[in-house]
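Chain by chain, the residues:
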Amino acid sequence: MGSAKIAEGKTKIVRPYREGYALLEFKDDITAGDGARHDVLPGKGVLNAQTSAYLFRVLEGKGISTHYVGMYDERTMIVKYLKMIPVEVVLRNIATGSVVKRLPINEGERFDPPIIEFFLKDDSRHDPMLNYHHMEHLKLMTRKEAERVEEIMYGVNDALFPLLKSKGLILYDFKLEFGRLGDELVVGDEITLDSMRVREEGTGRILDKDLYRKGADLETVRKAYEEFYRRLTS
Ligand SMILES: Nc1ncnc2c1ncn2[C@@H]1O[C@H](COP(=O)(O)OP(=O)(O)OP(=O)(O)O)[C@@H](O)[C@H]1O
Ligand SMILES: [Mg+2]
């Protein structure tokens, strides 16, 4: 697809579509370390578009508002065009990644209830963590909106955790981005192995982008993304 772009990030392109809608094209690029590492992984865009679409449909089925409308082609989603909030919202079921580096929390510790964190999308500042006060001051979200976002995050976890568990997979954590449509807060962006941590139950085998972060070869990463999609949809 070669038409005009509204925005292009490291892994997706937003293009204009009919009034109120946009096309979200998933590229084959994979990046880590705020873009410090970058590769092209043929097939990844299609897998991530399909994975996202599947999971957005699951959420819609549970009454959670998402931007998902349908597929335009195998790597391009038709979405409701949202006014995106430049905040990454993370829900953690099991501790891994940045939280065990920042805080005296051990790898693999269970959070009960799950914990939610907010980060500013700002690569040059390495996505700093935000609290309600920062978000109000920066006019990102009011406290009321942040509390609504937390409710939606718990709803998404209540849908996805058991679904993955039924496939022998454990959802360690996930990240969502939200946008505004009128005065509604809507789940936008993507739900993929770039934005979730998923481990095989029992073996602890990693299936998500941590493989790439830890330096696995690209074919191993591609196979993991493919296996996840196959198990999810089986
Ligand atoms: N429904 C939507 N309406 C409008 N913009 C959207 C929608 N869903 C996602 N976007 C935007 O699409 C853009 C491109 O996504 P992409 O993930 O590639 O870029 P990014 O998030 O800016 O950078 P990064 O590579 O750090 O994720 C993002 O700015 C994201 O906020
Ligand atoms: Mg992104």
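Residues numbered from 1 in each chain as written. Chains lettered and ligands numbered in written order. Predicted model: local features only at pLDDT ≥ 70, side-chain atom pairs only at ≥ 80, totals over all residues. Heavy atoms only, no water.

> What is the right way to look at the site of ligand 1 in this model?
Around ligand 1, the surrounding shell holds 14 residues, and the nearest of these are Lys10, Lys12, His67, Lys80 and Lys121. Lysine 12 places a polar side-chain atom, nitrogen or oxygen, 2.6 Å from an oxygen atom of ligand 1. One nitrogen or oxygen atom from the main chain of leucine 82 is found 3.0 Å from a nitrogen atom belonging to ligand 1. Relative to its free-state accessible area of 610 Å², ligand 1 is covered by the protein chains to the extent of 83%. When contributions to the shell around ligand 1 are tallied by element, the ones reaching two or more residues are strand E2 (12-16) and strand E7 (76-80). Of the residues in the shell around ligand 1, the class split is five nonpolar, three polar and six charged. Domain assignment of the residues forming the shell around ligand 1 places at least three in each of domain 1 (7-80) and domain 2 (83-219). (Near = heavy atom within 4 Å. Polar contact = N/O pair within 3.5 Å; in protein donor to acceptor, adjacent residues only side chain to side chain. Areas by Shrake-Rupley, 256 points an atom, 1.4 Å probe, with all protein chains shown as cover. Helix = DSSP H or I, 4+ residues; strand = E, 2+ residues; numbered from the N terminus. Nonpolar A, V, L, I, M, F, W, Y, C, P; charged D, E, K, R; others polar. Domains from an automatic or database assignment.)

> Before we go on, may I ask you to explain the domain arrangement of the protein in this structure?
Often the size quoted for an interface is simply the accessible area lost on bringing the parts together. Domains assigned within the protein are domain 1 (7-80) and domain 2 (83-219). Taken together, the contacts link 28 residues of domain 1 with 26 residues of domain 2. Both faces considered, domain 1 and domain 2 share a buried interface measuring about 2,200 Å² in area, 61% of it formed by carbon and sulfur atoms. The interface formed by domain 1 and domain 2 includes four salt bridges. With its nearest N and O atoms 2.9 Å apart, the salt bridge here joins glutamate 190 to lysine 12. Taken together, the connections running from domain 1 to domain 2 amount to 15 residue pairs in polar contact (both at pLDDT 80 or more). Residue assignment for the side of domain 1 that touches domain 2 shows that the elements contributing at least two residues are strand E3 (21-26), strand E4 (29-32), strand E5 (37-40) and helix H1 (44-61). If you tally residues by element for the side of domain 1 that touches domain 2, the top one is H1, at eight residues. Looking at the side of domain 1 that touches domain 2, its residues break down into eleven nonpolar, nine polar and eight charged. (Contact = heavy atoms within 4.5 Å. Buried area = accessible area lost by both parts, 1.4 Å probe. Salt bridge = Lys/Arg side-chain N within 4 Å of Asp/Glu carboxyl O.)

> Got a minute to help me understand the packing of H1 against helix H6 (residues 218-233) in this structure?
When two helices pack together, their arrangement is given by the angle between their axes and by how far apart the axes lie. Look at H1 against H6: their axes get within 10 Å of each other, and the N-to-C directions meet at 30°. Looking at the two axes, H1 sits roughly parallel to H6. In terms of crossing hand, the pair formed by H1 and H6 is left-handed. Here Lys44, Leu47, Asn48, Gln50, Thr51, Tyr54 and Leu55 of H1 come into contact with H6, specifically with Arg222, Tyr225, Glu226, Phe228, Tyr229, Leu232 and Thr233. Taken together, the residues of the contact of H1 with H6 break down into seven nonpolar, four polar and three charged. (Axes fitted to C-alpha atoms, helices over the stretch in contact; angles between N-to-C directions. Parallel < 35°, antiparallel > 145°, perpendicular 65-115°, else oblique. Left-handed = near helix turned anticlockwise from the far one by under 90°.)

> What exactly am I supposed to notice about the packing of aromatic side chains here?
When we look at a pair of aromatic rings, we describe it by the centre distance and by the angle of the planes. Tallied over the full model, the rule gives two aromatic pairs. Aromatic side chains tyrosine 17 and tyrosine 72 sit 5.9 Å apart centroid to centroid with 85° between the ring planes, which places their arrangement in the edge-to-face category. Linking tyrosine 17 in the loop between E2 and E3 with tyrosine 72 in strand E6 (residues 68-73), this pair joins segments that are 55 residues apart in sequence. Overall, tyrosine 17 belongs to the partly exposed group, its relative accessible area being 31%. Note on phenylalanine 118 and tyrosine 132: the rings are 6.4 Å apart at their centroids and 65° apart in plane angle, and the pair reads as edge-to-face. Of the two residues, phenylalanine 118 is situated in strand E10 (residues 110-120) and tyrosine 132 in helix H3 (residues 132-137); the sequence distance between them amounts to 14 residues. Residue phenylalanine 118 is classed as buried on the basis of its relative accessible area of 4%. Across from the ring centre of tyrosine 21, 5.4 Å away, lies the NZ or CZ of arginine 18, which sits over that ring. Against the face of tyrosine 212 rests arginine 37, its NZ or CZ located 3.9 Å from the ring centre. (Phe/Tyr/Trp six-rings, centres within 6.5 Å; stacked < 30°, edge-to-face > 60°. Buried < 20%, exposed > 50% of the residue type's maximum accessible area, 1.4 Å probe, protein only. Lys NZ or Arg CZ within 6 Å of the ring centre and 35° of its normal.)

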